[in-house]
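# Notes for the structure review
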Amino acid sequence: MSAIDPAISASAVDDGIQYVTVTVGEQLFGIPIDRVRDVFVVGGLTPVPLAPPEIRGLVNLRGRVVTAVCMRRRLGLPAREEGAGGTVMAVGLEQGDESFGLIVDGVGEVLRVPAETREPRPPHLGGRWASLASHIHRLDDRLLVVLDVDAVLAFDGEGGAS
Amino acid sequence: MDELLREFLTETSEYLDTVDMELVRFERNPNDSAILRNIFRLVHTIKGTCGFLGLPRLEALAHAAETLMGRFRDGEQAVTSRDVTLILATIDRIKHIITELERTSVEPPGRDDDLILPLERSSGGPGRRGIDPAILVAFDEPDVQPPGEGSSAPSQQGAVAAESADAAGGRQQTIRVAVNTLEHLMTMVSELVLTRNQLLDIARRHEDNTFNVPLQRLSHVTAELQESVMKTRMQPIGTAWQKMPRLVRDLSAELGKPIDLVMRGADTELDRQVLDIIKDPLTHMVRNAADHGLESPAERRALGKPERGTIRLDAYHEGGTITIEIADDGRGLDLPAIKAKAIARGLAPAAEVERMSEAQAAKFIFHPGFSTAEAVTAVSGRGVGMDVVKTNIELIGGVIDIHSEPGRGTIFTVKIPLTLAIIAALIVSVGDQRFAIPQMAVLELVRVRPGAEQRVETVNGAPVLRLRERLLPVMSLARLLGRAGTKEDDDGFIVVIQVGRQRFGLLVEGVFHTEEIVVKPMSRKLRHLQVFSGNTILGDGAVVLIIDPNGVSRMLGAQGVDAAAFADALADMEETREEEVEATALLVFRAGGPGQKAVQLSLVTRLEEIDATRIEWIGDRPFVQYRGRLMPLVTASERLVIRKEGMQPILVFSDAERAMGLIVDEIVDIVDERLAIDPVPQRPDLVGSAVVRGQATELLNIAHFLPLAHEDWLRRAALPNAPVRTVLLVDDSDFFRGMLAPVLKAAGYRLVLASSVDEALEVLASQRVIDVVVSDIEMPGKTGFDLIESMRIDQRTRHLPVIALSSYISPAIVERARRYSGVEFVAKFDRGGLLAALAATVDGYGAAA
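All figures in this text were calculated on a predicted structure; none of them were measured in a lab.

## Section: the overall build of chain B
Each helix and strand counted, chain B has 26 helices and 34 strands in total. Put simply, chain B has 849 residues, and 36% of those count as buried.

This is how it looks when you write it as structure tokens:
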């Protein structure tokens, strides 16, 4: 992923936006770096019976209890095949005073993306994705879908989720 | 440097960082009163503390900024960006002074009128002392300072130094450790435990036992280390009280009131987190007690009271909670003034306020911006404080209560539940997952196996266990959690759990050990799962879910296996149903402490005084021969000591066959009182608390005591002699459901709870018989109106009466509610109104049907 165009990054450093890039399925997503607390390997996941399906479980991250949210389920993608890739990676976020971890297929580099490449999300983007993507950036070789972190975490937990 | 000063500096720097951030947020959302209240509180705290430490420059700056922000908060003035800049500049100045303070321990010389005057002008004031700013600038030269100001600071500083020298001798040796360091230490220890466990595992699998001795030593040391680190989280409440004597002394001098401070239970240990949160509220309350609560010495003399006022701080563990009392022997709350102010501030309509009981009216002091002090003093009286106190306490799931008696004083009672503290929990397993069950709720463990003496049997498919001639309903935890257990439903351990008076068994596959756990709250996304009350990190680093016995009991109830418990509850209700509305004859007594307790007079068969030497003991249970029979005696309070000689008063409760004597210390009076009962969480022995004869009084739940004397007293089929109505209570707020449920139960209704409209509709669609629906109107997602509409299209539910609750009643809402027939409207916090509406609706409905 040689996504940083040196010409651009040299000139537009100041107004560029930084994203932590992650992959879920085939897609590259960006999470605004100011919302990312850390990136960690998920170990010792405690499943929560009766929880909404998006919640994979609770993780002890250096003494904090983090709620692990499955990005695949959140995006309506099929579950990852068993044993595909050893470690499970998650991006740590905070909302209110709670810690969440978004479980993704892979975590890439931190990208600084020039503001000019920003595009509104296509109107025909599928239902769930439309509500989770805030906008899109055109990279040289692929598209970066920027996640709206609060929307990602706004799934129904309080009601009787089925 | 003075310990107090150092602590102030640390705290203040933290505050200031927050204020900066909050102010910037505030400028963007000037209508967000929550942000403003937050800033206001921070500045207020700084100001307050400066006053006591003798830091006049800081105090003056904070005071001026606070005055301006007070005007924003009260909506007297619109927020301009100029004002925000001004306040930010003031905060920068405060920071500058604090940096100097850190370096030299004294305030740097200088004046701040360049900021204070514009601040005061912005507040619409005439500028300090009403002098033209130009003249003041000239006046401002350091060498022409008013003599008072120059000399007062050093003398106060002197006092500080003397105090700290005095105190240093007696103070326990402590060092300040950053919380992060402790947390880190905790994590490291957890990892160490994990590694040790792995090592032990490996050693077990190896023949070679040369490792055993050092391993055992390692194991031992690790355990001790873990325990010690755990202990670092606990602190005696005395650490939060350390500042109090100084505070009270300074207040005493400042207000010209001699004050005695009495502190008891300083060694009561609290979780550090809890302690941090309640520290400020406690300080506020002590400050209020000195400033507002206590009268001036002249006034006290005139009233025939001792000149010296007393402020009392008490802390103790009680029934799974930590209770802190802040009491003064002053004038009590000025209820007429509070009512007048509530009306003037438009907090409630005048007619409603007039009808309020004293206890209800007293609660107005918890409203933001509510203050009855006529003069704004440096000590308090800005109405900041009590609302913040309440918010902070509720933040950690605690409750605060006020009891006040005119001329005798005010008592604030703060109860903090154990959920934040460390609790003992039994670790059990289902499949490969472990769960924690609070030890408090666990009565015993029974090993069950098919064919063994202790085994699970079924009645019509419902599993039960024979336990000492009683049938215990059993629920498999695996099934409860919606997973098929790896073993059969009849092999494993039954954890016998008691919730209130409901007893049931929870079948688990494995039982490990009891461990002290630190309860962490559930994520918002998971809080709707009633089976869990929180989670914790075990010693080996694993996250484990904590089972909520109350939640399980509710789930059991929902599955219809609570027939026995229901009969119990019914008996309970028969006793208490009248209390809520009409004047009730009460027998007031004291037992195990100075506080008043009461029971309904109608329940008491006789009052007796028996010769204490006639009390006989069988094992550890007291009896007395009474009317030719041996009558068991039960103490009305755990803290009561049964007399060895003299006369012992008892209350006799009896029916045709049985009698019980309830031992009390002293019978006080019989009174008729209209009761407003407040539920007291985690106290099954109480119906609740209420104000009787102007004093906080605990109302005993006699149904709790009867089984202590005769285990089967209430088990006999208490046949309902009146049909019991079932109320479906719909509200999204756990807190509100929790608050209202006991009130409705006490009034004799059976309850079904729903936390959302969808859940409510599910209940209505099920086979349960519901007589009336009580629903909140404002709920996230579907509202109460949606519920009513859905109900009205369904043939089965269209005629069900509905009582709609709303905390905010606008004409539009009332109008909308009127459009539906059979919908009553009640203000959300009007319990009396709700009960009256329920009674009317249910009876009318019953008659019509």
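Back to the text.
## Comments concerning the interface of chain B and chain A
The partner chain A presents 21 residues to the 26 residues of chain B that form the contact. Residue composition of the side of chain B that touches chain A, grouped by class: ten nonpolar, nine polar and seven charged.

## Quick word on the sheet that holds strand E33 (residues 802–806) of chain B
Residue and element names in this part refer to chain B. Taken together, the five strands give an open sheet; going across it, the order is E31-E30-E32-E33-E34, and neighbouring strands pair in parallel fashion. Looking at strand neighbours, the two that pair on one side only are strand E31 (750–754) and strand E34 (823–827), the edges of this open sheet. Neighbour-to-neighbour, the strand axes of this sheet turn through a mean angle of 20 degrees, independent of strand direction. Looking at chain direction, strand E30 (residues 726–730) and E31 are connected through five bridges and run parallel. Residue Thr-726 lies in a different strand from E31, and its bridge partner there is Arg-750.

## Notes on unusual backbone geometry
Not every positive phi belongs to a glycine, and Leu-50 of chain A is a case in point at roughly 70 degrees. Position of Leu-50 of chain A relative to the elements: it lies in the loop between strand E3 (36–42) and strand E4 (55–61).

## Notes on the environment of Val-442 of chain B
Residues and elements named next belong to chain B. Following the sequence through the fold, Val-442 ends up in strand E10 (residues 442–448). Considering only alpha carbons, one finds Val-442 and Ala-425, 17 residues apart in sequence, at a separation of 9.1 Å. Setting aside its immediate chain neighbours within four residues, Val-442 contacts Leu-426, Ile-437, Val-495 and Ile-497.

## Side note on the UniProt feature "modified residue: 4-aspartylphosphate" (unreviewed entry) in chain B
Residue and element names in this part refer to chain B. UniProt marks Asp-776 with the feature "modified residue: 4-aspartylphosphate" (unreviewed entry), using the numbering shown here. Mapped onto the secondary structure, Asp-776 falls in strand E32 (residues 772–776). Taking the number of C-beta atoms within 10 Å as the measure of exposure, Asp-776 has 22 and is therefore buried.

## Describing the packing of helix H3 (residues 56–73) of chain B against helix H4 (residues 81–104) of chain B
Residue and element names in this part refer to chain B. The N-to-C vectors of H3 and H4 enclose an angle of 160 degrees; their axes lie 10 Å apart at closest approach. Judged by the angle between their axes, H3 and H4 are roughly antiparallel. For the crossing formed where H3 meets H4, the hand is left-handed. The segment H3 lies against H4, with Arg-57, Leu-58, Leu-61, Ala-62, Ala-65, Leu-68 and Met-69 engaging Asp-83, Ile-87, Thr-90, Arg-93, Ile-94 and Ile-97. Of the residues assigned to the contact of H3 with H4, the class counts are nine nonpolar, one polar and three charged.

## Focus on helix H5 (residues 113–122) of chain B
Residues and elements named next belong to chain B. All buried positions along H5 are accounted for by Leu-115, Ile-116, Leu-119 and Glu-120. Projected onto a plane normal to the axis of H5, the buried residues spread over an arc of 125 degrees and lie on a single side. Looking at the buried residues of H5, the elements they touch are H3 and H4. Just beyond H5, the residue with positive phi is Gly-124, at close to 80 degrees.

## Section: the environment of Val-428 of chain B
Residue and element names in this part refer to chain B. You can see Val-428 is positioned in strand E8 (residues 422–430). According to the C-beta neighbour criterion, Val-428 is buried, with 26 such atoms within 10 Å. C-alpha separation for the pair Val-428 and His-513, spaced 85 residues apart in sequence, amounts to 7.8 Å. The contacts of Val-428, once residues within four sequence positions are left out, are Arg-434, Phe-435, Ile-437, Val-495, Val-508, Gly-510, Val-511 and Phe-512.

Calculation criteria
- Residues numbered from 1 in each chain as written.
- Chains lettered and ligands numbered in written order.
- Predicted model: local features only at pLDDT ≥ 70, side-chain atom pairs only at ≥ 80, totals over all residues.
- Helix = DSSP H or I, 4+ residues; strand = E, 2+ residues; numbered from the N terminus.
- Buried ≥ 20, exposed ≤ 12 C-beta atoms within 10 Å, placed from the backbone.
- Contact = placed C-beta atoms within 7 Å.
- Nonpolar A, V, L, I, M, F, W, Y, C, P; charged D, E, K, R; others polar.
- Pairing = 2+ DSSP bridges.
- Axes fitted to C-alpha atoms, helices over the stretch in contact; angles between N-to-C directions.
- UniProt positions renumbered as here; feature names shortened; annotations may be inferred.
- Parallel < 35°, antiparallel > 145°, perpendicular 65-115°, else oblique.
- Left-handed = near helix turned anticlockwise from the far one by under 90°.
- Arc of directions from axis to C-beta.

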